[in-house]
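What follows is the residue order along each chain.
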Amino acid sequence: MDNKKAALELGTKPVGKLLAQYATPAIVAMSASSLYNIIDRAFIGQVVGPEAIAGLGITFPFMNLSGAFGAAVGVGASTCISVKLGQKDYKTAEHLLGNTITLNLIIGFLFMMVCLLFLDPILRFFGASDVTLPYAREFMQVILTGNMITHMYFGMNAVLRAAGKPRHAMYAVLFTVFMNIMLVIAFVWWFRWGIRGAAMATITSQTMALCWQMWIFSNKKELLHLKRGIYNLKANLVRNIISIGISPFLMNVTSCIIVIFMNNQFVKYGGDMAVGAYSISNSVVMVFFMFVIGITQGMQPIVGYNYGAEKYDRMFRCLWLAISAATLILLVGWSLSMLFPRQIARIFTTDAHLLSLSEKGIRINMLVFFVVGSQAVITNFFQCIGKVRISIFLSLSRQLIMLLPLAYMLPLLWGLDGVWYSMPMSDFGSFAMTIPLLIWYMKKIKKSSNWQNTRKEE
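Throughout what follows, the structure given in this document is the object of discussion.

This part covers the nonpolar core. Residues Phe62, Leu123, Phe266, Met299, Phe381 and Phe382 are the most contacted members of the largest nonpolar core, which totals 137 residues. With 17 residues, the single largest contributor to this core is helix α12 (residues 272–308). In contact with methionine 299, other than residues within four places in its own chain, are Leu19, Cys318, Leu319, Ala322, Val377, Asn380 and Phe381.

Along the chain, the position of serine 82 falls in helix α4 (residues 60–86). Owing to a relative accessible area of 1%, serine 82 belongs among the buried residues under this scheme. Separated by 3.1 Å, the side chains of serine 82 and glutamine 300 make a polar contact. Ignoring sequence-local partners within four residues, the contact set of serine 82 consists of Ala162, Gln300, Pro301, Gly304 and Tyr305.

For residues other than glycine, phi is negative in most cases, and the peptide bonds are mostly trans. In this model, arginine 192 sits at a positive phi of 60 degrees, which is unusual for a non-glycine residue. Looking at the element boundaries, arginine 192 is found in the loop between α9 (166–190) and α10 (194–217). The residue glutamate 310 is not glycine, and still its phi comes out positive at about 60 degrees. Its location among the elements puts glutamate 310 in the loop between α12 and α13 (312–339).

This paragraph deals with a nonpolar patch on the surface. On the surface, Leu367, Tyr408, Met409, Leu412, Leu413, Trp414, Tyr421 and Met425 cluster together into a nonpolar patch covering about 870 Å² of accessible area. For the nonpolar patch, the elements supplying multiple residues, two or more each, are α17 (388–414) and α18 (416–446). With five residues, α17 is the largest single contributor of residues to the nonpolar patch. You can see leucine 412 is positioned in helix α17. For leucine 412, a relative accessible area of 57% corresponds to the exposed category.

Close approach of charged atoms allows side chains with opposite charge to pair. Counted under the stated rule, the structure contains six salt bridges. We note a salt bridge from arginine 342 to glutamate 359, for which the minimum N-O separation is 2.8 Å. With a gap of 17 residues between them, arginine 342 in helix α14 (residues 341–346) and glutamate 359 in helix α15 (residues 352–365) connect regions that are remote in the sequence. Looking at arginine 342, the relative accessible area reads 31%, which means it is partly exposed. The class of glutamate 359 is partly exposed, set by a relative accessible area of 21%. Linking lysine 360 and aspartate 417 is a salt bridge whose minimum nitrogen-to-oxygen distance equals 2.7 Å. In this pair, lysine 360 sits in helix α15 while aspartate 417 sits in helix α18, placing the two residues 57 residues apart along the sequence. A relative accessible area of 27% places aspartate 417 in the partly exposed class.

Here is what the cut-offs are and how they apply
- Residues numbered from 1 in each chain as written.
- Predicted model: local features only at pLDDT ≥ 70, side-chain atom pairs only at ≥ 80, totals over all residues.
- Heavy atoms only, no water.
- Core = buried A, V, L, I, M, F, W, Y, C linked by side-chain atoms within 4.5 Å.
- Buried < 20%, exposed > 50% of the residue type's maximum accessible area, 1.4 Å probe, protein only.
- Helix = DSSP H or I, 4+ residues; strand = E, 2+ residues; numbered from the N terminus.
- Contact = heavy atoms within 4.5 Å.
- Polar contact = N/O pair within 3.5 Å; in protein donor to acceptor, adjacent residues only side chain to side chain.
- Patch = residues over 30% accessible without salt bridge, like charges linked within 9 Å, V, L, I, M, F, W, Y side chains within 5 Å.
- Areas by Shrake-Rupley, 256 points an atom, 1.4 Å probe, with all protein chains shown as cover.
- Salt bridge = Lys/Arg side-chain N within 4 Å of Asp/Glu carboxyl O.

In structure tokens form, the structure reads like this:
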């Protein structure tokens, strides 16, 4: 079977070619997603107004929280599937696919219901003011209504990559982005549906892509395909999915907590426009960080498969290539942000006050951005091989351990500047914590006989 051959190549094909094969589609998809985010926010900022950008910034914690539950299932399941394919346990891999669908439906529905019932109080807690609350409410009412679709769409894309179909995962994202842009132009600019139109465009495009994903998995010729008997939740599979997915889950929940706290700090020390500037600077960060996410998505099936097959030399080669690529990409992002912050901010707004705050915020936020890539790749590496505790610790190190205390203390000394400078300081601190852990693990694995044996085989 061609599908089985694609899975087996993860343990035989040269690692550099494999990483390019798997990461390039993911990078293209993530880049397109970044482009959409820019266009989406640019339309909202230019057509609806600067207050809408600030309102959109209030929704970031919601998006992170929703993403946390999606990642717990999608990332956990795809990692488990990669390991099982490496062990040639195809029956369990199929049951993991079915359990992924069931979990996404249950969690997506419960999250939607709870959040819709308490939407306004939650948004107030997230930092919404009387000015920004209507915009945030309009956006999230639509997004939450389609939450099950969003969870399923991202979950199925993760499984596509794990099943040896990185190009299909890329096509799904590219289609979603293309449709999103077209619908945003129609809904926001043409029909003037405002921020609600942007949310409708997101859910509609994801629904269309999900239909195509499910059609792929309905093909009985696929190594992993939908069939009866795989949807009933199995305790051991759910436990494995959640145990691995807990790391990205906590990372996203922590991001949610941090954004809530940062929004409130920006409101306290700089007002609603400071929140808007934070939203813009975060959008710029994500443009380049999406490339890194693409690299980590590309390395996940390679690392997971070779770890399951006990081919450690190939596993580490993939890690070093991923670190090098991520660092190089973020160096480009850092250079552009240092040289052209005002021009970048002008994409999102022409408001003079918001423009000035955003220009300064972009420069400070991206100050040591080039070290973030290696930290993200190494954290993902430990997640791919099931080292949950290490992955959780590294996931939390930047935001909970570093950023939260700094974002509280520094503004007491420097006001609004202190809120901004807490971000690059936490970036560098978490990077300094990550490297020793990787060195320790490499020394540990190199002492094993399997490492020596796999090197001889290679």
